[in-house]
Amino acid sequence: MSTTWTPPTAGQRLAILRRAKTIAVVGASAKPARASNFVLTYLLSSSTDFEVWPVTPNETEILGAKCYPSLQDLPGAPDVVDVFRRADQLPGVAREAVEVGAKAFWMQLGLHSDEAAEIAHEAGLDVVSNRCIKIEHARFNGGLHLAGFDTGVISSKRTRG
């Protein structure tokens, strides 16, 4: 009997990240101004122990990591498929994630698709939506100060200057 997908709690997201050894980043970009590049930089840094597989047909290597043209071309089943694609493309990526045996389907901050969430959930994958994997990992590991997230501001009032 199936159940409707509900967003995971903070504890459940932490468990997904703790179980993960491999992360496929779909929609990876070599352009430093892109969010996927920023997240790749973090995931490939010494701050994490993940094996990271950038997935893009547009590059052969990003930040020293070999790129794969599709999820089907990966060297194994990823624990997490982290997606940086337009919302209308998410259901297709969810189907591919299911086909390759991924354990979790993660839609990045600002992204959500009910259809993609249901596809992945119905197939037994953990599903995260509208959350940044870098921010989640950093906050669970005390590293939100990394890469500029700690502004030093502890008040909601604007400073005059």
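Scroll up for the structure.
Sequence positions are assigned chain by chain, starting from 1 and proceeding in written order. Only residues with pLDDT of 70 or above have their local features reported here, since the model is predicted, and side-chain atom pairs are shown and tallied only from 80 upward, although totals for entire chains, interfaces and linings are computed over all residues. With hydrogens and water excluded, all non-hydrogen atoms of the structure serve as input to the side-chain values.

Focus on the pairing of strand β5 (residues 80-83)
So, point 1. The alternating pattern of β5 places V80 and D82 and V81 and V83 on opposite faces, both of which are buried.
So, point 2. By the convention used here, strands pair only if DSSP detects at least 2 bridges between them. Each helix corresponds to a stretch of at least 4 residues labelled H or I by DSSP, and each strand to a stretch of at least 2 residues labelled E; elements are numbered beginning at the N terminus. In the sheet, β5 pairs with strand β6 (residues 104-107) via four bridges, with the strands oriented parallel. Looking at the pairing, V81 lines up with F105 of β6.
So, point 3. When the strands point away from the viewer, a crossover counts as right-handed if the route from the first strand across the helix to the second turns clockwise. Crossover handedness for the path β5 to helix α3 (residues 90-99) to β6: right-handed. Exposure is judged per residue with a 1.4 Å probe applied to protein chains only, and the accessible area is read against the type maximum: over 50% gives exposed, under 20% gives buried, and values in between give partly exposed.

Considering the sheet that holds strand β2 (residues 51-55)
So, point 1. If you walk across this open sheet you meet the five strands as β2-β1-β5-β6-β7, and the pairing is parallel. Bordering the open sheet on either side are β2 and β7 (126-128), each of which pairs with just one other strand. Each strand of the sheet is rotated relative to its neighbour by a mean of 15°, with strand direction disregarded.
So, point 2. Packed onto the sheet, helix α2 (residues 35-44) meets β1 (22-26), β2 and β5 and runs at close to 160° relative to β2.
So, point 3. Most of the contacts of helix α4 (residues 114-122) go to β6, to which it runs at about 165°, and overall it touches β6 and β7. Axis geometry follows a simple rule: fit a line to the C-alpha atoms, using only the stretch in contact for helices, then measure angles between N-to-C directions, giving values from 0 to 180 degrees. Here, residues are in contact when the closest pair of their heavy atoms is within 4.5 Å.

Side note on the nonpolar core
So, point 1. Of all hydrophobic cores here, the largest spans 24 residues; its most connected members are L71, L74, V81, V93, A97, F105 and M107.
So, point 2. Breaking this core down by element, the ones donating at least two residues are β1, β2, β5, α3, β6 and α4.
So, point 3. Looking at this core, the element that brings in the most residues is α3, giving four residues.
So, point 4. Non-local contacts of V93, meaning those with residues more than four positions away in its chain, are made with V26, L71, V81, V83, R85 and F105.
So, point 5. Listed in part, the 22 residues of the second largest apolar core include I23, Y42, F84 and W106. For our purposes a nonpolar core is just a set of buried Ala, Val, Leu, Ile, Met, Phe, Trp, Tyr and Cys residues, chained together by side-chain atoms within 4.5 Å.

Remarks on the environment of D49
So, point 1. Of note, D49 is situated in the loop between α2 and β2.
So, point 2. D49 sits 29 residues away from A20 along the chain, and the two C-alpha atoms are 9.4 Å apart.

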